[in-house]
Amino acid sequence: MTKELDPKDLRKRVDPALFEFETTLDLPPLQKPLGQKRALDAMNFGLEIESHGFNLFVLGQPGAGKQTTASLVVGEIAKKRPVPPDLVYVYNFDDAERPVAIELPSGMGEVFRQDVKVFIAALLLEIPTVFATEAYAHERSKLFESYQSRKNEVLKSLETLANEHNFQVNRSAEGLALIYTREGEPVPPEELKDMSAEENTKLHKAREVLQVQLHKTIRELKELDRENHETITALDNRIGLTAVGNEIDALEEKYASIARVVEYLNALKNDILQSIDTLRAEPQETPNLPFLMGTVEGPEDLTKRYQVNLLVNNAELKCAPVIFESNPTYHNLMGRIDHCVQQYGAFVTDYTMLKAGAFHRANGGYLVLNARELLLNPFAYEALKRVLKDQQIQMEEIGEQMRLLSTVSLKPEAVPTKLKVVLLGTPWLYYLLEMNDEDFHKLFKVKGEFAHDMNYDDEGRMGYAYLVANQCAHEGLLPLSRAALAKVVEHGMRVAESQKKLSTHFLETTDLVREANHWATKDNVALVEPRHIIQAVENKIYRNDYMESVIGEMIGEGTILIDVKGAVEGQVNGLSVYDMGDYAFGKPSRVTARVFMGREGLINIERESDLGGRIHNKGVMILQGFFGARYAQRVPMTFGATLCFEQSYGGVEGDSASSAELYSLISALTGVPVRQEIAVTGSVNQMGHIQAIGGVNLKIEGFYKTCKVLGLTGTQGVMIPLSNVPNLMLSDEVVDAVREGQFHIYPISSVDEGLKLLTGMDPGEEDGYGGYPNGTLNARVLARMETINKQWRQFHVE
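Residues numbered from 1 in each chain as written. Predicted model: local features only at pLDDT ≥ 70, side-chain atom pairs only at ≥ 80, totals over all residues. Heavy atoms only, no water.

Trainee: Any chance you could explain the overall build of the protein here in plain terms?
Mentor: Across its full length, the protein carries 28 helices and 30 strands. Put simply, the protein has 798 residues, and 47% of those count as buried. Sequence-distant contacts in the protein: of pairs separated by 6 or more residues, those separated by 24 or more amount to 76%. When the accessible surface of the protein is totalled, it reaches about 40,000 Å², and 51% of it is carbon and sulfur. (Helix = DSSP H or I, 4+ residues; strand = E, 2+ residues; numbered from the N terminus. Buried < 20%, exposed > 50% of the residue type's maximum accessible area, 1.4 Å probe, protein only. Contact = heavy atoms within 4.5 Å. Areas by Shrake-Rupley, 256 points an atom, 1.4 Å probe, with all protein chains shown as cover.)

Structure, rendered in structure tokens:
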């Protein structure tokens, strides 16, 4: 007879004395990763290696603490790295649509911006002032007088020659013109027609001579104009440099070590000299028309392009930045190029409207992103890959890219990148990208996989203690007594379904602490005790077990047929887990078998009705292999059999009921009834070994609740795989029922053990020739098969 388990085997108890403190208030609120050595090693490797493409994907189930752990690990690595430079954008005087990016040492970005701002203020003040002085007006007047004098000399020379030939030089807005005169008076055009041939010839010769001189004079005047313009420009530049030259020289000296800043200051100086007339002018209002707004370009408008756009300011950082972008849209990652409405209602922009994205802020450090959120945002994932592949940030207007709207836009200079990206996601997302994106493995070469559980030992137990202490400190929760903490640790083993492991689903643990704090607060006590932990667990179950209670009522009313007393031929109580997503529970399912003459073999009704999953169908095929290997060595299987989960209207998945199906088949074939008070779970392999299954605690508790509804007899229990004993973390109610002899747990390792427990008959051992001792269960199987085979031969002559 299979020995049942003792109550002490059914649940691991955590002794509060193992904690060397009275309450979690006695512990420092330390934050440290728990039980993820493999993932931590992978993360440290990925964060420290400098080679291209070694970005990280940290994968684990929701609630495993990926973000918290990643933040801690990345934060520690970042402390060892230097602060990256600031980033500014400035006007490109050669191409306004392509702003120039300049990197400055950390903290100098704001200094440079303020220096230029002060310079602009001085420019607007000094330029008009210096050009309003009497000295400038006098010097400019002298230059103009000299120019006028030389101009008059050139014109006088032309007029003298013209007078000698009876011509007069006429000056007008259209230029210089020669007019024929007689006795000092212009000759009307009609009189020119009446001139003699001799006079006409003389006139044309004189005109030809004067035309040559006229062209020469015009050239000389143009040269004088050019010289005058250059002279005035040189004067203006000299006076302008007198006003702001010292400031520019001081800036060039201050930023001499940054070549791109010096280059920009030189371009700025040249632009100022070319724009002196605008800088010294007063703004003029435009005509008051409804379609014209604002002012023409004045000094203030011009100097807007001299401003420095400080895109990234790292002055406050002490180490490399760690940026977590919770909403990784395209613009939040790559930055924005804003627009505003200007003249005529047009959308315009300039370099001062460039806004930094997460890549800019994380450059030189680390960017942490949620993979699911990244993939849900259009264009974001492709933008991420482009940055990692090109190793630069190229800001682009996505609307212009997709031709959704036509606006004046910019193409800022790309910024070289040196950063690590850490993606957080589930295993499903990781393998989805791995299989479908050819670039994924090239860019995310390091995988940090979170384990579902960690060892229950001193380190793991204290890890839970520090986790709870840190949570209570940061959220202002009541401290836990060490006895309450012991209950939290037990709950961690329950979630992990192991007496040797603790769950790393920390969200469930922290939620349990929050709920226990709620009940302790309502009790108006200063400490969370074990009863509050138990109350939190029970209340959560109560809030979610509606469907379980409905099924329980249907079993109690007889709507769902379940027998927990007596013995029935070809019928076994299998155990199933119903997973509702946020809550799972176990319930018995009646498994039946019927045998008849034929060659159909085993017919899985679930598979035939498309209700059987692939693993369930595989389990049925495996038990068919076991059955054939054991019983069909001498006698062929000339019978058909149907296997069914009664009153099952949804899909059936998993192979945990394959042993129950085998027991029901053997019972139906031999006519030996099976005890209904013993429920069965466990998969069977082709060798007849009983293998471990999942959800063992829920299955046992589900059958216990069913027996409780229908009436406990003291003989009821569950048969489980021996290899599942370390997974037992049963509820206190079930443990107490076993202790009181009201319920029983039987561990088995082979089909024969299960047959003996369910039927009370000795299965019998094979004699080496395919036979079994008379009176044994296996012998009855062979006898029935021989009988069916003889009947088959009688009706089907070969």
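Still more to cover.
Trainee: Sorry if this is basic, but what is going on with the sheet that holds strand S3 (residues 100-104) here?
Mentor: Paired through their backbone hydrogen bonds, the strands of a sheet run either parallel or antiparallel. Reading across the sheet, the 3 strands line up as S3-S2-S7 and stay open at both edges, with antiparallel pairing between neighbours. Two strands bound the open sheet, and with one partner strand each, they are S3 and strand S7 (309-312). Within this sheet the neighbouring strands show an average axis-to-axis angle of 30°, counted without direction. (Pairing = 2+ DSSP bridges. Axes fitted to C-alpha atoms, helices over the stretch in contact; angles between N-to-C directions.)

Trainee: I would appreciate a short explanation of the sheet that holds strand S16 (residues 420-425) in the present structure.
Mentor: Spatially, the 5 strands line up as an open sheet ordered S8-S13-S16-S1-S17, and their pairing is parallel. Since the sheet does not close on itself, it has two edges, and those belong to strand S8 (322-325) and strand S17 (446-449), each with one partner. When the angles between neighbouring strand axes are averaged without regard to direction, this sheet yields 20°. Against the sheet, helix H2 (residues 66-78) contacts strand S1 (56-59), S8, strand S13 (366-370) and S16, and its axis sits at roughly 165° relative to S16.

Trainee: Mind showing me how you'd approach a nonpolar patch on the surface here?
Mentor: The grouping of Tyr-546, Met-547, Tyr-578 and Met-580 at the surface amounts to a nonpolar patch, some 420 Å² of accessible area in total. Residue placement: Met-547 occurs in helix H21 (residues 546-557). (Patch = residues over 30% accessible without salt bridge, like charges linked within 9 Å, V, L, I, M, F, W, Y side chains within 5 Å. Salt bridge = Lys/Arg side-chain N within 4 Å of Asp/Glu carboxyl O.)

Trainee: Would you mind going over helix H26 (residues 732-739) with me for this structure?
Mentor: Think of an α-helix as 3.6 residues a turn; residues three or four steps apart then line up on the same face. Within H26, the full set of buried residues consists of Val-734, Val-735, Ala-737 and Val-738. What you see down the axis of H26 is that its buried residues fit within an arc of 160°, all on one side. Summarising the contacts, the buried residues of H26 are in contact with helix H25 (696-710) and strand S30 (744-748). Just past H26, the residue Gly-741 takes up positive phi, approximately 80°. (Arc of directions from axis to C-beta.)

Trainee: Hey, could you run me through the packing of helix H24 (residues 658-670) against helix H27 (residues 751-759) in this one?
Mentor: A pair of packed helices is captured by two measures, namely the crossing angle of their axes and the spacing between those axes. H27 packs onto H24 with a crossing angle of 55° between their chain directions and a minimal axis gap of 11 Å. Judged on the interaxial angle alone, H27 and H24 are oblique. Between H24 and H27 lies a crossing whose hand is right-handed. Between H24 and H27, the residues in contact are Leu-662, Tyr-663 and Ile-666 and Val-751, Gly-754, Leu-755 and Leu-758, respectively. (Parallel < 35°, antiparallel > 145°, perpendicular 65-115°, else oblique. Left-handed = near helix turned anticlockwise from the far one by under 90°.)

Trainee: What am I meant to see in the packing of aromatic side chains here?
Mentor: Taken as a whole and assessed by the stated rule, the structure comprises 20 aromatic pairs. Pairing Phe-627 with Tyr-631 gives two aromatic rings, centres 4.8 Å apart and planes at 55°, and the pair type is tilted. In this pair, Phe-627 and Tyr-631 are both assigned in helix H23 (residues 614-631), 4 residues apart and thus about one turn of the helix distant. Neither Phe-627 nor Tyr-631 differs from the other in exposure class; each is buried. Geometrically, the ring pair formed by Tyr-631 and Tyr-772 is tilted, given 6.4 Å between the ring centres and 50° between the ring planes. With Tyr-631 in helix H23 and Tyr-772 in the loop between H27 and helix H28 (777-795), this residue pair connects regions lying 141 residues apart in the sequence. Comparing Tyr-631 with Tyr-772, the two get one shared label, buried. Each residue in the set Tyr-91, Phe-93, Phe-112, Tyr-255, Tyr-264, Tyr-306 and Tyr-351 is aromatic and connected to the rest through ring pairs, giving one cluster. (Phe/Tyr/Trp six-rings, centres within 6.5 Å; stacked < 30°, edge-to-face > 60°.)

Trainee: What am I meant to see in the packing of H25 against H26 here?
Mentor: Packing of H25 against H26 brings their axes to within 10 Å, and their N-to-C directions diverge by 65°. Judged by the inter-axis angle, H25 sits roughly perpendicular to H26. As for how H25 packs across H26, the hand of that crossing is left-handed. The residues of H26 that touch H25, namely those facing Ile-700, Glu-701, Tyr-704 and Lys-708, are Glu-733, Val-734 and Ala-737.

Trainee: Help me understand the nonpolar core, please; the structure alone is not making it clear to me.
Mentor: Nonpolar side chains in soluble globular proteins tend to end up buried together. Among the nonpolar cores identified, the biggest contains 42 residues, and Phe-57, Leu-333, Phe-359, Leu-367, Leu-384, Val-421 and Leu-423 are the most heavily contacted of them. Looking at this core, the element that brings in the most residues is helix H13 (residues 380-390), giving 6 residues. Within the second largest apolar cluster, 40 residues are counted, among which are Ala-660, Tyr-663, Val-751 and Val-781. (Core = buried A, V, L, I, M, F, W, Y, C linked by side-chain atoms within 4.5 Å.)

Trainee: I'm lost on the side chain of Gln-676 in this one. Help?
Mentor: Assignment of secondary structure puts Gln-676 in the loop between strand S25 (673-675) and strand S26 (678-680). Judged by relative accessible area, which is 0%, Gln-676 ranks as buried. Reaching out from Gln-676, the side chain makes a polar contact with the backbone oxygen of Val-674 at a distance of 2.9 Å. Not counting the four nearest positions on each side in its chain, Gln-676 is found in contact with Asp-563, Val-564, Lys-565, Gly-566, Ala-567, Val-568, Gln-571, Val-572, Asn-573 and Phe-703. (Polar contact = N/O pair within 3.5 Å; in protein donor to acceptor, adjacent residues only side chain to side chain.)

Trainee: For this particular structure, what's the right way to read the pattern of salt bridges?
Mentor: Working definition: two side chains of opposite charge can pair if their charged atoms are close together. A full pass over the atoms with the stated rule returns 36 salt bridges. Salt-bridge contacts for Arg-226 lead to Glu-223; the nearest nitrogen and oxygen are separated by 2.2 Å. Here Arg-226 and its partner Glu-223 are both found in helix H6 (residues 197-254), 3 residues apart, which amounts to about one turn of the helix. Residue classification places Arg-226 among the partly exposed positions, given a relative accessible area of 37%.

Trainee: Which parts of the structure should I look at to understand the pairing of strand S24 (residues 639-645)?
Mentor: Working note: regular strand, side chains alternate between the two faces of the sheet. Within S24, 6 of the 7 residues are buried, leaving the element largely enclosed by the surrounding structure. Taken together, the 7 bridges between strand S22 (residues 584-597) and S24 define a ladder with antiparallel strand orientation. Across the sheet, Val-591 pairs through a bridge with Phe-645, a residue of S24.

Trainee: Help me out: how do you make sense of unusual backbone geometry in this one?
Mentor: Residue Gln-391 is not a glycine yet carries a positive backbone phi of 55°. Within the secondary structure, Gln-391 sits in the loop between H13 and strand S14 (392-393). With a phi close to 60°, Asn-524 is a non-glycine residue in the positive phi region. With respect to the helices and strands, the residue Asn-524 is situated in the loop between helix H19 (506-522) and helix H20 (530-544).

Trainee: Help me understand the side chain of Glu-677 in this model?
Mentor: For Glu-677, the position within the fold is in the loop between S25 and S26. On the basis of relative accessibility, which here comes to 10%, the residue Glu-677 falls in the buried class. Apart from residues lying up to four places away in sequence, Glu-677 is in contact with Val-564, Lys-565, Gly-566, Phe-703, Thr-715, Gln-716 and Gly-717.

Trainee: Hey, could you run me through H28 in this one?
Mentor: Taking 1.5 Å of rise per residue, 19 residues should cover 27 Å, and H28 covers 28 Å from first to last C-alpha, within 8% of that figure. Considered for burial, the residues of H28 that qualify are Leu-777, Asn-778, Ala-779, Val-781, Leu-782, Met-785, Ile-788, Asn-789 and Trp-792. (Expected span 1.5 Å × (residues − 1).)

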